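Structural description and commentary
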Amino acid sequence: MINIESVSEELPLSDRVLSGLRKAMRKLVEETAATGGTLVVKRDGIVKEVPAKELLRTLPKEE
């Protein structure tokens, strides 16, 4: 769960929303990878089914 208090009120709303989306994406990929699942993504204009473990390696580290 995202801790609302940990997000600085000084940041613009758009930055806070993007931060929340990044955290949600990472959580989705981590949970899917833990079960050996795949996710559907669009890479280079092509829709592909990608193992979540592979996708997890491409995500930036958490802040």
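Data block above holds the structure.
An account of the accompanying structure is given in this report. Keep in mind the model is a prediction, meaning the values are calculated, not measured.

A separate point is the pattern of salt bridges. Counted according to the given criterion, the structure contains two salt bridges. Here arginine 26 makes a salt bridge to glutamate 30, at a shortest N to O gap of 3.3 Å. Taken as a pair, arginine 26 and glutamate 30 lie in helix 1 (residues 13–34) at a separation of four residues, close to a single helical turn. Overall, arginine 26 belongs to the buried group, its relative accessible area being 11%. By relative accessible area, glutamate 30 is classed as partly exposed at 34%. When the shortest N-O distance is used, the salt bridge between glutamate 54 and arginine 43 registers 3.3 Å. Pair noted here: glutamate 54 is in helix 2 (residues 52–58) and arginine 43 is in strand 1 (residues 38–43), with a separation of 11 residues, a long-range link. With a relative accessible area of 32%, glutamate 54 lands in the partly exposed category. Take arginine 43: its relative accessible area is 26%, and that puts it in the partly exposed class.

Below, the discussion takes up the layout of surface pockets. Within this model, the largest pocket holds a volume of roughly 190 Å³. Every residue lining the largest pocket is counted, 10 residues in all, and those nearest its centre are Arg22, Lys23, Pro60, Lys61 and Glu62. For the lining of the largest pocket, a count of residues per class yields three nonpolar, one polar and six charged.

On to the nonpolar core, then. One finds Val29, Ala33, Leu39, Val41, Val50, Ala52 and Leu55 forming the largest nonpolar core, which totals seven residues. Listing elements by their share of this core, those giving two or more residues are helix 1, strand 1 and helix 2.

Between its first and last C-alpha, helix 1 extends 32 Å over 22 residues, near the 32 Å set by a 1.5 Å rise per residue. If you follow the buried residues of helix 1, they end up packed against strand 1 and helix 2. The first or second residue beyond helix 1 is glycine 36, which carries a positive phi of 75 degrees.

Cut-offs and rules
- Think of each chain on its own: its residues are numbered from 1, step by step along the sequence as written.
- Local features in a predicted model are, by the rule used here, given only for residues with pLDDT of at least 70; side-chain atom pairs are given and counted only at 80 or more, and totals for whole chains, interfaces and linings are based on all residues.
- Note: side-chain values were computed over all heavy atoms of the structure, leaving out hydrogens and water.
- Basic side-chain nitrogens of Lys or Arg form a salt bridge, by our definition, when they fall within 4 Å of a carboxyl oxygen of Asp or Glu.
- A run of DSSP states H or I qualifies as a helix once it reaches four residues; a run of E qualifies as a strand once it reaches two. Both are numbered from the N-terminal end.
- Only protein chains enter the accessibility calculation, which uses a 1.4 Å probe. A residue is then buried if its area is under 20% of the maximum for its type, exposed if over 50%, and partly exposed in between.
- Here the term cavity refers to a set of points on a 1 Å grid, laid over the protein atoms alone, in which a 1.4 Å probe fits but cannot get out; the term pocket refers to an open set having protein on both sides within 12 Å along at least five of seven lines, with lining residues being those that place an atom within 4 Å of a point.
- Grid points are joined across faces, edges and corners, and a volume is the space filled by probe spheres set on the points.
- Three residue categories are used. Nonpolar comprises Ala, Val, Leu, Ile, Met, Phe, Trp, Tyr, Cys and Pro, charged comprises Asp, Glu, Lys and Arg, and polar comprises the others, including Gly.
- We define the nonpolar core as a collection of buried residues of types Ala, Val, Leu, Ile, Met, Phe, Trp, Tyr and Cys that are connected through side-chain atoms lying within 4.5 Å of one another.
- The length a helix should cover is 1.5 Å for every residue beyond the first.
- Throughout, a contact is declared for two residues whenever any of their heavy atoms are within 4.5 Å.

Geometric descriptors of this kind do not, in isolation, establish any biological role.
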